[in-house]
Amino acid sequence: MRFVIIFFLLTSIVMTSQNLVTNPSFEEATFCPNKHGDFNNNVKFWSTPTNGTSDYFNQCSSYFSSKNPHGTQKPHDKKAYAGIVTYYENKYNTLKDYREYLQGELKTRLTKGQVYQLKIRISLADKANFALDQLSLVLLEEKLRLNNETHIDLQNTKQKHKEITFKYPAFFSVKDNWMTLEKTFVAKGFESFICFGNFKTDANTNMVKVGKNFLPKESYYYVDNISVTPIKNSSFKTNKKHVFKKLLFDFDKAELINNSTTELDKLYNYVKTRPKLTIEIYGHTDNIGTAKRNQELSLQRAKSVAFYLINKGLNPSQIKWFGFGAKFPIAKNDSQNNRTQNRRVEFKLFKN
């Protein structure tokens with residue numbers, strides 16, 4: 001029993017240590033917040049880079065629910081979350097370009113050339129009356145400390161930075177649940193701090209009205225559970241066919257089954273960091289059904305794989321897809337097991 005307990009403790013430590021963001025869910029704080037603006041100089045390893053009063057909500061405080069002026073939300077993880085104004089305009093427009101940000105620390109400087117996965121959970125506050133279509137996380141070499149309340153002009157910070165932008169045409173308007181912003185990126189080797197918020201001016205911020213209140217014009221988001229996790233680098237040889245071994249489709253369907261995209265994600269992460277590579281995707285079927293239908297199905301499945309990679313962020317010019325029906329079996333179509341092998345999608349990488 002002791003061995004089992006130790007094993008699970010060690011497993012938990014290994015899994016938790018993968019996230020390089022220190023205090024990712026804002027649980028560690030110096031004191032229970034007495035008002036919703038108690039974020040700076042309270043939440044450990046986090047700060048506000050400007051004079052904007054970013055907010056902190058913890059279930060230990062009445063400001064978490066009964067006194068929260070922005071409305072209630074359950075934490076995505078554990079007992080706490082943060083809140084920031086991403087756009088604000090009052091009746092007299094006395095706070096032009098007012099912004100709030102969350103600035104955190106990484107446990108270690110990122111490794112040059114390493115691929116990382118970034119995830120941020122956000123929820124539009126109940127009483128926010130505007131949603132944005134774009135938010136950003138900026139990776140920094142050093143902490144920012146600016147003596148203003150306005151938006152951060154990254155070009156004027158005069159330090160190394162990398163901006164990762166999340167843009168959503170339908171606007172980030174979910175209030176009753178948490179949305180996950182997710183991207184992969186390649187580190188340049190200087191990244192030690194992170195900063196999240198809206199880095200655009202009022203004039204360049206796109207909004208859509210979602211609330212019943214008219215004044216002030218405010219976009220306000222809750223933020224929780226930020227993670228930066230290293231991804232194991234995969235290796236694929238060029239000019240060689242590779243078979244997706246666990247890529248699954250329903251019978252006679254071309255839509256990808258959700259739990260079968262792990263291999264596609266690995267391919268995406270590999271090609272994303274190598275923009276000079278191109279991909280050819282080949283769809284194949286067994287010999288059950290008509291030749292015309294098999295040709296259509298194989299092309300549709302190859303196209304589904306291609307569009308999955310494109311929707312994740314690959315350049316469409318890097319990808320071509322083809323369907324071959326049952327023309328090129330890799331096993332005799334004389335058993336269920338062999339026919340399963342023939343129903344496959346392959347890919348090949350080429351260097352430009």
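Residues numbered from 1 in each chain as written. Predicted model: local features only at pLDDT ≥ 70, side-chain atom pairs only at ≥ 80, totals over all residues. Heavy atoms only, no water.

Some points on the overall build of the protein chain
What counts is decided by this rule: Only DSSP runs of H or I covering at least 4 residues are called helices, and only runs of E covering at least 2 are called strands; the numbering of each starts at the N terminus. For each residue, the accessible area found with a 1.4 Å probe, counting protein chains only, is set against the maximum for its type, and the residue is called buried under 20%, exposed over 50%, and partly exposed in between. Two residues form a contact once any of their heavy atoms are found within 4.5 Å. Throughout, the Shrake-Rupley method with a 1.4 Å probe supplies accessible areas, and for residues the shown protein chains are the sole cover considered. A positive count includes Lys and Arg, and a negative count includes Asp and Glu. His and the chain ends are not counted in either. Throughout, a charge is located at the NZ atom of Lys, the CZ atom of Arg, the CG atom of Asp or the CD atom of Glu.
Helix and strand content of the protein chain: four helices and 16 strands. With respect to the three principal axes, the spread of C-alpha positions in the protein chain is 75 × 55 × 40 Å. Here the protein chain holds 352 residues, and the buried ones make up 47% of them. A fraction of 78% describes how many contacts in the protein chain between residues 6 or more apart in sequence connect residues 24 or more apart. Looking at the protein chain as shown, the accessible area adds up to about 18,700 Å², and 52% of this sits on carbon and sulfur atoms. Side-chain charges of the protein chain comprise 53 positive and 32 negative groups, with the mean position of each set lying 7 Å from the other.

Focus on the confidence of the model for the protein chain
To be explicit about the condition: Each residue carries a pLDDT score, the predictor's confidence in it, ranging from 0 to 100.
Here the protein chain averages 89 in pLDDT, while 93% of its residues score no lower than 70. With pLDDT under 50 throughout, residues 1–16 is counted as low confidence; its partners more than four residues away or in other chains account for one contact.

Overview of the state of the cysteines
Every disulfide links exactly two cysteines, by a covalent bond between their sulfur atoms. The following threshold applies: A pair of cysteine sulfur atoms is labelled a disulfide when the two atoms are within 2.5 Å.
Scanning the model with the defined rule gives one disulfide in all. The residue that forms a disulfide with C32 is C60, at a sulfur-sulfur distance of 2.2 Å. On the sign convention where negative is left-handed, the bridge of C32 and C60, at about 115° about the S-S bond, is right-handed. Remark: C60 occurs in the loop between strand 2 (55–58) and strand 3 (80–89) and C32 occurs in the loop between helix 1 (2–17) and strand 1 (46–47); sequence separation between them is 28 residues.

Topic: the packing of aromatic side chains
Just so we agree on the cut-off: Aromatic pairs are defined between Phe, Tyr and Trp rings, using the six-membered ring for Trp, whenever the two ring centres lie within 6.5 Å; interplanar angles under 30 degrees are classed as stacked, those over 60 as edge-to-face, and all others as tilted. Put simply, a charge is over a ring when the Lys NZ or the Arg CZ is close to the ring centre, within 6 Å, and near the line of the ring normal, within 35 degrees.
Enumeration according to the criterion identifies 20 aromatic pairs in this entry. Taken together, a centroid distance of 5.7 Å and an interplanar angle of 85° make the contact between Y220 and Y222 edge-to-face. The buried category is assigned to Y222, whose relative accessible area is 1%. Grouped by ring-pair contacts, the aromatic residues F57, F64, Y81, W178, Y220 and Y222 constitute a single cluster. Residue placement shows K241 over the ring face of Y282; its charged tip is 5.3 Å from the ring centre. Over the ring of Y268 we find K312, and its NZ or CZ is 5.1 Å from the ring centre.

Observations concerning the packing of helix 2 (residues 262–272) against helix 3 (residues 291–312)
Rules: Axis definition: a line fitted to C-alpha atoms, limited for helices to the stretch in contact. Angles are taken between N-to-C directions and run from 0 to 180 degrees. For this classification, under 35 degrees means roughly parallel, over 145 means roughly antiparallel, 65 to 115 means roughly perpendicular, and everything else is oblique. Definitions for this section: a left-handed crossing has its near helix turned counterclockwise from the far helix by less than a right angle. A right-handed crossing has that turn clockwise. Gly is placed with the polar residues, together with every amino acid not listed as nonpolar (Ala, Val, Leu, Ile, Met, Phe, Trp, Tyr, Cys and Pro) or charged (Asp, Glu, Lys and Arg).
In contact at an axis separation of 10 Å, helix 2 and helix 3 are set at 55° when each is read in the N-to-C sense. Between helix 2 and helix 3, the interaxial angle falls into the category oblique. The handedness of the crossing between helix 2 and helix 3 is right-handed. When helix 2 is examined against helix 3, the residues L264, D265, L267 and Y268 are found in contact with a partner set consisting of V305, Y308, L309 and K312. Here the residues of the contact of helix 2 with helix 3 are counted per class, giving six nonpolar, no polar and two charged.

Topic: the side chain of E191
We count it as follows: In what follows, salt bridge is the name for a side-chain nitrogen of Lys or Arg lying within 4 Å of a carboxyl oxygen of Asp or Glu. Pairs of N or O atoms are called polar contacts if they sit within 3.5 Å, as long as, within protein, a hydrogen donor faces a hydrogen acceptor (for residues adjacent in sequence, only side-chain-to-side-chain pairs).
With respect to the helices and strands, E191 occurs in the loop between strand 9 (179–186) and strand 10 (193–197). Buried within the structure, E191 lacks any salt-bridge partner; K162 is the closest side chain of opposite charge, at an N-O distance of 5.9 Å. Among the polar contacts made by the side chain of E191, one reaches the main-chain amide nitrogen of K188 at a distance of 2.7 Å.

Points about the layout of surface pockets
The condition is simple: Points on a 1 Å grid, built from protein atoms alone, make a cavity when a 1.4 Å probe fits but cannot get out and make a pocket when they are open with protein on both sides within 12 Å along at least 5 of 7 lines; residues with an atom within 4 Å of a point are the lining residues. Grid points are joined across faces, edges and corners, and a volume is the space filled by probe spheres set on the points.
Its boundaries defined by the atoms lining it, the largest pocket holds a volume of some 550 Å³. Contributions of two or more residues to the lining of the largest pocket are made by helix 3 and helix 4 (336–342). Split into classes, the residues belonging to the lining of the largest pocket amount to ten nonpolar, seven polar and ten charged. Lining the second largest pocket are 16 residues, with F166, E182, K183, N311 and K312 sitting closest to its centre. At the level of secondary structure, the elements contributing two or more residues to the lining of the second largest pocket comprise strand 8 (161–167), strand 9 and helix 3. Examining the composition of the lining of the second largest pocket, we find that six residues originate from one element, strand 9, more than from any other. Considering only residue class, the lining of the second largest pocket consists of seven nonpolar, five polar and four charged.

Observations concerning the nonpolar core
The nonpolar side chains of a soluble globular protein tend to be buried with one another. Inclusion rule: By nonpolar core we mean a set of buried residues, namely Ala, Val, Leu, Ile, Met, Phe, Trp, Tyr and Cys, connected to one another through side-chain atoms within 4.5 Å.
With 49 residues, the main nonpolar core has I120, I122 and I226 as its most contacted residues. Ranked by residue count, the leading element in this core is strand 3, at seven residues. In this structure, Y268, L277, V305 and L314 belong to the second largest nonpolar core, which totals 22 residues.

Here we look at the environment of T290
Structurally, T290 is set in the loop between strand 14 (277–283) and helix 3. The sequence separation of T290 and A326 amounts to 36 residues, and the corresponding C-alpha distance is 9.6 Å.

Comments concerning the sheet that holds strand 13 (residues 242–243)
The condition that has to hold: The pairing criterion for strands is at least two bridges between them, as found by DSSP.
Ordered in space as 13-16-14-15, the four strands form an open sheet in which the pairing is mixed. Looking at which strands have only one partner, the edges of the open sheet turn out to be strand 13 and strand 15 (319–323). Bridge count between strand 14 and strand 15: five bridges; the pairing is parallel. Among the inter-strand pairings, E280 is bridged to a residue of strand 15, identified as K320. Each of strand 14, strand 15 and strand 16 (345–351) is contacted by helix 3, which is oriented at about 160° to strand 15, the strand it contacts most.

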